[in-house]
Each structure stands twice: as structure tokens, then as C-alpha cells.
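# An overview of the molecular structure
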Amino acid sequence: MLKEQNKFPEDAQYLMEELSGFNYTQLQLHRNEIVPNDIMHKFRDGVVKLGMDVPVQYILGYAYFLNRNFTVNENVLIPRQDTEEMVQKIIDDHSAKNESICDIGTGSGIIAISLGIAFPDDDILATDISAEALKVAQLNADNYQANNVYFQQSDLFKEIKSQQFDVIVSNPPYIAEDEKKRHGSKCY
């Protein structure tokens, strides 16, 4: 069905792996077994949503980042591999002293929380213009007990009191060049 709609059947496979708790090999070994009703119901609903271009992470309600599970929904963007690489670079370059870090446009909080976990003695301010995104970020911070991460609603730096940060990080939404071409001048 997904192939006929020019969608990615791999997303359905990933959905089944996550719902069942089986990896690809385990799914193959158990392919002749009856799928429990609750999993089959979630899977069918998920495949319909995949057909409507809902990302699999939104269907599941979580995404992985640096081997951790973070809550995501339509109020935040799904983390990408290049964001993991950026955070790993910040971790690798961190000095021996405690640092103050500011994450602008935190979304789900993955950057700030990952840094907060890596450096529990650092103070980290994470901001976002969206109150709904900050609710997701706070939930993620609570899940990982990242007590050194503080959230504030702000449009970029507008609501941040004047202060010095050792590190300022931001990974705002971006639009790929091919998307710009497809959407023409309506894309900014």
C-alpha cells in the first residue's frame, strides 16, 4: 500500500519493530506467528498515518537521540543525525571547567538535555518561542532528571536577560535547497 502511494515501506517495518520490540531478524524469525491484537491495531493505524505523511516518530511519540529516547510530537521537530554530530562536537570540545550554555530554539530539548546529562555541573538555559514545544522539552528534562537545564519562552534572545554564555548553540529549522526549488518563491 505504501509503495503504491510512493511512500517508504521501510517506515512501516520500523514501526512494527518498535511496536513489537523485535529487530528485523527477530521479525523474520517470528513472521508466521500471530501478531497480538493491540500491536496489530496500532500498526494498522500507524500505516494509515504513514500514508498521510505523518512521520513514524510522531506516530510512536518518541525519537532516539544519542542512544536515548525523547518524547516528540507535532509541536517539535524530529532530531536529525547532523544534530547528534553537532552535540557530540560540543561534548568533545567542552573545557574542563563548568560552562554556561544557552540553547536557542530548543524544541524537544534534546540538545540542552543531552548536554545537561553530559555536564551535570553546567548551567544550561534552553529557550523556544513555542510554549507547546517547551512543554515537550520539560517532559524530556523530567524524564532524564536534567535538573541543570532551565527553560524560558523567548523569541531568540528577546526575553533573555543580558548575561555571558560560554557556549551558545542553536539548530533552527531549515529548508533544503531542493525543497526551496519545489516550492518556489513561497519558501523563505
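What you see is a predicted model; the values in this text were computed from it and never measured.

Rules behind the numbers
Here, residues in each chain are numbered from 1, in the same order as that chain's written sequence. Local features in a predicted model are, by the rule used here, given only for residues with pLDDT of at least 70; side-chain atom pairs are given and counted only at 80 or more, and totals for whole chains, interfaces and linings are based on all residues. Heavy atoms from the whole structure form the basis of all side-chain values; hydrogens and water molecules are not counted. Helix and strand definitions follow DSSP, with helices as H or I runs of at least four residues and strands as E runs of at least two, each counted in order from the N terminus. Using a 1.4 Å probe on the protein chains alone, a residue whose accessible area is under 20% of its type maximum counts as buried, one over 50% counts as exposed, and one in between counts as partly exposed. The Shrake-Rupley method, run with a 1.4 Å probe, gives the accessible areas here. Residue values count only the displayed protein chains as cover. Under the convention used here, Asp and Glu are negative, Lys and Arg are positive, and both His and the chain ends fall outside the count. The location of each charge is read from NZ of Lys, CZ of Arg, CG of Asp or CD of Glu. Here a helix's expected span is defined as the number of its residues, less one, multiplied by 1.5 Å. Residues count as neighbours in contact if any of their non-hydrogen atoms are within 4.5 Å of one another. Salt bridge criterion: a side-chain nitrogen from Lys or Arg within 4 Å of a carboxyl oxygen from Asp or Glu. Only strands that DSSP links by at least two bridges are regarded as paired with each other. Where helices are involved, their axes are fitted lines through C-alpha atoms of the stretch in contact, as for all axes, and angles between N-to-C directions lie from 0 to 180°.

## Description of the overall build of the chain
Per the secondary structure count, the chain includes 8 helices and 6 strands. With respect to the principal axes defined by its C-alpha atoms, the chain has extents near 60 × 40 × 30 Å. With 188 residues in all, the chain has 35% of them scored as buried. Total accessible area computed for the chain in this model is approximately 12000 Å², and 50% of it derives from carbon and sulfur atoms. Between the centroid of the 17 positive side chains of the chain and the centroid of its 29 negative side chains there is a distance of 6 Å.

## Details of helix H1 (residues 9-20)
With 12 residues, H1 extends 17 Å from end C-alpha to end C-alpha; this agrees with the ideal 16 Å at 1.5 Å per step. All buried positions along H1 are accounted for by Ala12, Leu15, Met16 and Glu17. Looking at the buried side of H1, the elements it contacts are helix H2 (24-29), helix H3 (37-51) and helix H4 (56-60). Two residues or fewer after H1 comes glycine 21, characterised by a positive phi angle close to 80°.

## What about the pattern of salt bridges?
Considering all chains together, one arrives at 4 salt bridges under this definition. A salt bridge links aspartate 93 to lysine 89, with the shortest nitrogen-to-oxygen separation between them at 2.7 Å. One end of the pair is aspartate 93 and the other is lysine 89, both in helix H5 (residues 81-93) and 4 residues apart, which spans about a single turn. By relative accessible area, lysine 89 is classed as partly exposed at 49%.

## Side note on the sheet that holds strand E6 (residues 167-170)
Strand order across the open sheet formed by 4 strands is E5-E4-E3-E6, with parallel pairing between neighbours. Looking at which strands have only one partner, the edges of the open sheet turn out to be strand E5 (149-153) and E6. Taking each pair of neighbouring strands and ignoring which way they run, the sheet shows an average axis angle of 20°. Note that strand E4 (residues 123-128) and E5 share 5 bridges and pair parallel.

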